[in-house]
Amino acid sequence: MIFERRLLTRDRGAGILEKFWQIPWSFVVLLCAVAAVGYVALLSAGSGNPDTYAQKHAIRFGFGLVLMLGLAMIDIRVIARFAWLGYLGGVALLVLVLVHGNVGKGAQRWIDIGPVQLQPSELMKIMLVLGLASWFHRASWEKVGNPLFLIPPAIAVLVPVGLILKQPNLGTALITGMVGAAVFWAAGMRWWKFAIGFAAIGVAAPIAYERLHDYQRARITTFLDPESDPLGAGYNIIQSKIALGSGGLWGKGFLQGTQGHLNFLPEKQTDFIFTMIAEEFGLVGALTTLTMLLLVVVFCYLVAFRSKHQFGRLLAIGLGTNFFLYVFVNVAMVTGSIPVGGVPLPLISHGGSAMITVMLGFGLLLSAYVHRDAEMGPMRE
Amino acid sequence: MTWRPWGGAGLLGRERTVRKEEERRRGIFTRRAAVLGVIQLGAFGFLGSRLYRLQVEEGARYATLAEENRVSARLFAPPRGRILDRTGKVVAGNRLNWRALLVAEQTADVRATLETFSKIVPLGDHEKARIEREMRRNRRFVPVVLRDFLSWEEMARIEVNAPDLPGISIDMGTTRMYPETENLAHVVGYVAAPAEADAGDDPLLQLPGIRVGRAGVERFHDRILRGRAGAVEVEVNAVGRVIRELDRREGIPGQDVQISVETELQKAVLAKIEEGTTAVLLDARNGEVLAMATKPSFDPNIFNSGVSAAQWRQWTSTRSTPLINKATNGLYAPGSTFKMMVALAALDAKVCRPGDTVVCPGHLDFGNNRFHCHKRSGHGAMNMRSAIMASCDVYFYEMARRVGIDRIASMANRFGLGVDLDIELPGTRRGLVPTRAWRQAQGKPWSIGDTIVHGIGQGFYQLTPLSLAVMTARLASGRALQPHLTRAIGGRPQRGSRPEDWPNLGIPDADMRLIREAMWGVINGGGGTAGIARLPAQYGQMAGKTGTTQVRRVTREQRERGYNVNAVPREWRPHALFVAFAPHDNPLFALSVVVEHGMAGGATAGPIARDIMVEAFQRLGPQRPGQRVAEVTR
């Protein structure tokens, strides 16, 4: 319906091999380097024993790499065509996890698919970007200016955000909303509508807060201000800051971090892995890691600027923002800058869900890069 | 790849529009993406600066915090000092306590291990409940006590079955033990878990399982007995598990405290008295407490392991209050034992001379009131000596009227009545010796009638048996001695065992001699009220004074009908008191006996006092008490 079958068949002839060489191998090397940082950090988190975390991490990354390269081969037009299916699938999984998912840390977050645990909220962010990019792909500047045109994508953002809030996972819900907002912004939604939107949220939030039960409010208060609960979430942040600060400029050395190895650092292999790096390798190690992660985001922007079609551009900017938010929220959290929890550091933290979904996203990104010049059909008036 | 035309050539115009639109859209996207990119780059910059601040600018501070995190100082309790009696016998000691501990993380199945253990050492249901509660409360590496006070046999069985008992170990601790159980409970006191208020500056008190003195000498000398905590610095992980020991500082063990009580004498005194009776025996030369007995008593060992609710109810519900040391906390009117104070006050105030007589017709009329003498027919002409011997009430009514209540009170205070005493027993009561000012502070007037009643030790007086013993010892020695228990701390003798350690009371010798002679006469002279209390000849002669104090007021109507104290319920009967010192010419012992509802001081308390005095002579007489500090050994 949207895409011309004729063009799809013709382009398929470009040949897998030719496409394979189109893959930006420097980016793949960059991802491997980031994953290697993760391997070293997880080796330390496992007290030098690779079996604890590091080995699994390497295997997962290998699997993710294959997935990514495989996706890169799929024509971007096929991806665009079935984007809505991916979106609906993501929402369906979110509903599923609410109906019977596993409860972790007081929230329903994952479902078991065979041996793999999947957090649908992670997947949803990718699928949302996909769906929104497909929606805005053919929208002209005028069309984006039409408020009625914005209603369906707005609902498409609010539904998964609401479902994730219900888990409850306020952090991921906010990130999902922000990823959606980034795509809206890049698609050309008028800035004053943004202003109105944010103003509306600013007005609605206190009203919604007023309507909450006391225990719900308490949950949000602790969530927003972990220092108010020094033995709970606040303890983690305090210990994390101690670990970071005591790392100094050059760090305590591999396997020498006292905070991590004496277990003062909570969740050192997942949410607080960056702290582990900063404690053992100091500011130098931390900034190196941060720079590598920044380069990944920069690459997303390069893909966006080089794409000849709006779908690829929006997809790349959405995925880049998603990755950026992962990194920013995680590092800001462990440095005690923002009071949010439960966000892993992509490609470095231990855990399957984030790794697979991030690599899946990069597969789509690479497809957009490989097919950056593909003919995607005209925009609508 | 190049732009391919969409549809036919007729759409060329539209194509151009589309291309223009596309260019416009791309331009907008680029600008917007640039804005987004700048924001994100700025965010990365923020993270970098944040890291710089934490790791470089504040790095030193956090490095210190990390070190503090890592190193934890742990205290361990030194052995508690023992309490020894006069002869060096241990009256509060430490017993080795072999106990079985279980570390949950060292066993695969806690339930199964407990099951096996209870087959070897049976565990009661409440014990199991306690163990499960502690298991839940503690982390898995914290040892939980399964059973205290294991016998050799139980230990042997546990050791033999060790392979089937993973995670169970035997550990040696100490626990407080009172071998004399009830005999010295009120003097020695007891230890128990510290109360909220005790948790002061000593970090030792935060140790789990620590015991502090909660009563008696255990409490008074708690700091000395407790010692100073040792400390060990260990590297710990976040959950507090010790990784390794970094430094160790031994504590200072608690010091032994030797008290002046002689256990065998104390037991002998207890054997002489019945429930409701209190006896305090002091060394008349220096104020050392030789025996302090009151019945009923309690077993202080019970406090160590925790008092059950049922036990507590039993202790607190009875009228006999076993937990209360009536020697220091029981309050009684002194009755006629107080008359020496009135006599001395009269002599001091020069309101009469010793030889002056007062005629006793059996009563004294003052205003509309008639004050009766215990002898209805009257004693006739009485001087001070004969009035004390016969315990003539009218003489002392008259003396009190002459001298006034305030001067009586001040004399009583000089003899240790109604003032705080330096005894090492926390909670000792001061008692009450009323004055005009005291009564007026209550908003009531003081009348001469009140003074007259107080001349015979009745009225508002509330005195402890200990203070009466102190009064007697001061009468015997003429010195302002204080009652005390501590003879030696850590083997070093303490001040106060020599008579010269105590200042003179400053009462003229002639006055003191007169009172002592009169008290001698009470027992040994003709017409004394306590001939029954005469000592066997070989121990010399005792001086003393009887006292009988009304518990209820006897009305005129009752008196006219013929009031018979034997016919009233026991708790209405008067208390019997006796104070005495011996030998009368060179006093070694001073004593007070209070028999609740004992009817008459002479008949009831007198023989008890005599028997206690005999015991004292037999046990401490020849060597002279207070001469030698027993060897203190550990």
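Values in this document were obtained by computation on a predicted structure and should not be read as measured data. (Residues numbered from 1 in each chain as written. Chains lettered and ligands numbered in written order. Predicted model: local features only at pLDDT ≥ 70, side-chain atom pairs only at ≥ 80, totals over all residues. Heavy atoms only, no water.)

Novice: How would you summarise the overall build of chain A if you had to cite specific residues and measurements?
Specialist: A tally of helices and strands in chain A yields 17 helices and three strands. Classification of the 381 residues of chain A by burial places 56% in the buried group. Counted over contacts in chain A with a minimum sequence separation of 6, partners at least 24 positions apart contribute 74%. Summing over all exposed atoms, chain A offers an accessible surface of approximately 15,400 Å²; the carbon and sulfur share of this is 69%. (Helix = DSSP H or I, 4+ residues; strand = E, 2+ residues; numbered from the N terminus. Buried < 20%, exposed > 50% of the residue type's maximum accessible area, 1.4 Å probe, protein only. Contact = heavy atoms within 4.5 Å. Areas by Shrake-Rupley, 256 points an atom, 1.4 Å probe, with all protein chains shown as cover.)

Novice: I'd love a proper account of the overall build of chain B, names of residues and values included.
Specialist: Tallying secondary structure elements over chain B gives 22 helices and 21 strands in all. Evaluated residue by residue, chain B yields a buried proportion of 51% over its 634 residues. Restricting the contact set of chain B to residue pairs at least 6 apart, pairs at least 24 apart contribute 73%. In the structure as shown, chain B presents an accessible area of about 29,500 Å², 50% of it carried by carbon and sulfur atoms.

Novice: Describe the interface of chain B and chain A, naming the residues involved and giving the relevant values.
Specialist: Listed by partner, the interface residues are 44 residues for chain B and 67 residues for chain A. Counting each side, the surface lost to burial between chain B and chain A is near 5,000 Å², with a carbon and sulfur contribution of 66%. Considering only the surface of chain B that becomes buried against chain A, B:R25, B:F29 and B:R32 emerge as the three largest contributors, covering 17% of it. Linking chain B with chain A are two salt bridges. Note that A:E142 is salt-bridged to B:R24, the shortest N-O span being 2.8 Å. At the junction of chain B with chain A, the criterion picks out 16 residue pairs in polar contact (both at pLDDT 80 or more). At 28 residues, the largest contribution of residues to the side of chain B that touches chain A is made by helix α1 (residues 12-57) of chain B. Of the residues belonging to the side of chain B that touches chain A, the class tally is 26 nonpolar, eight polar and 10 charged. (Buried area = accessible area lost by both parts, 1.4 Å probe. Salt bridge = Lys/Arg side-chain N within 4 Å of Asp/Glu carboxyl O. Polar contact = N/O pair within 3.5 Å; in protein donor to acceptor, adjacent residues only side chain to side chain. Nonpolar A, V, L, I, M, F, W, Y, C, P; charged D, E, K, R; others polar.)

Novice: Pulling in residues and values, what's your account of a nonpolar patch on the surface?
Specialist: A cluster of nonpolar side chains, namely A:L249, A:W250, A:V284, B:Y52 and B:V56, defines an oily patch on the protein surface of about 480 Å² accessible area. With respect to the helices and strands, A:L249 occurs in the loop between α13 (233-247) and α14 (258-261). Its relative accessible area of 40% is what places A:L249 among the partly exposed residues. (Patch = residues over 30% accessible without salt bridge, like charges linked within 9 Å, V, L, I, M, F, W, Y side chains within 5 Å.)

Novice: Quick rundown of the packing of aromatic side chains? Include the residues and the values.
Specialist: Applying the stated criterion to the full structure yields 30 aromatic pairs over all chains. Ring geometry for A:F299 against A:Y369: centres 5.9 Å apart, planes inclined by 45°, an arrangement best described as tilted. Taken together, the residues span a long stretch of sequence, with A:F299 in helix α15 (residues 273-306) and A:Y369 in helix α17 (residues 352-370) at a distance of 70 residues. Look at B:F338 and B:Y461: their rings are 4.2 Å apart centre to centre, the planes differ by 45°, and that puts the pair in the tilted class. On the criterion of sequence distance, the pair formed by B:F338 in the loop between α12 (326-329) and α13 (339-349) and B:Y461 in the loop between α18 (448-454) and α19 (465-477) is long-range, its members being 123 residues apart. Relative accessible area serves as the criterion here: at 0%, B:F338 is assigned to the buried category. According to the relative accessible area criterion, B:Y461 is buried, its value standing at 3%. The ring of B:F29 has A:R313 lying over it, and the distance from NZ or CZ to the ring centre is 5.7 Å. One Lys or Arg, B:R32, reaches over the ring of A:W185 and ends 4.1 Å from the middle of that ring. (Phe/Tyr/Trp six-rings, centres within 6.5 Å; stacked < 30°, edge-to-face > 60°. Lys NZ or Arg CZ within 6 Å of the ring centre and 35° of its normal.)

Novice: Let's hear about the side chain of A:S349: which residues, and what values?
Specialist: Residues and elements named next belong to chain A. Here S349 is to be found in the loop between α16 (310-334) and α17. Looking at S349, its side chain comes within polar contact range of the main-chain oxygen of T270, at 2.6 Å. Other than its neighbours up to four places away in sequence, S349 contacts H57, Q269, T270, D271, I273 and P344.

Novice: Lay out the confidence of the model for chain B in plain terms, naming residues and giving numbers.
Specialist: Residue-level pLDDT values for chain B average 84, and 88% of them are 70 or greater. Every residue in residues 1-9 of chain B is under pLDDT 50, and counting partners more than four places away or in other chains gives 13 contacts. (pLDDT = per-residue confidence, 0-100.)

Novice: Lay out the pattern of salt bridges with the relevant residues and their values.
Specialist: Residue and element names in this part refer to chain B. For the structure shown, the criterion picks out 35 salt bridges over all chains. Measuring nitrogen to oxygen at the nearest pair gives 3.1 Å for the salt bridge that ties R53 to E58. Note that E398 and R401 form a salt bridge whose closest N and O atoms lie 2.9 Å from each other. One end of the pair, E398, and the other, R401, are both in helix α15 (residues 393-403), three residues apart, so they sit about a helical turn from each other. Residue classification places E398 among the buried residues on the basis of a relative accessible area of 12%. On the accessibility criterion, R401 (35% relative accessible area) is partly exposed. One salt-bridge network, held together by shared partners, links R80, R176, E218, D222 and R226.

Novice: So what about the UniProt feature "transmembrane region" (unreviewed entry) in chain A? Which residues, and what values?
Specialist: Residues and elements named next belong to chain A. Under the UniProt annotation, the feature "transmembrane region" (unreviewed entry) is placed at residues 20-45, 57-76, 83-103, 148-165, 171-187, 281-302, 314-335 and 347-370. Between the C-alpha atoms that bound residues 148-165 the distance is 26 Å, and the span itself is 100% helix and 0% strand. Secondary structure across residues 314-335 comprises 95% helix and 0% strand; the distance between its end C-alpha atoms is 31 Å. (UniProt positions renumbered as here; feature names shortened; annotations may be inferred.)

Novice: An account of the environment of B:G525 is requested, with residue identities and associated values reported.
Specialist: All names here are of chain B. One can find G525 in the loop between α20 (509-524) and β19 (543-549). With 139 residues separating them along the chain, G525 and S386 place their C-alpha atoms 9.7 Å apart. The contacts of G525, once residues within four sequence positions are left out, are M389 and W520.

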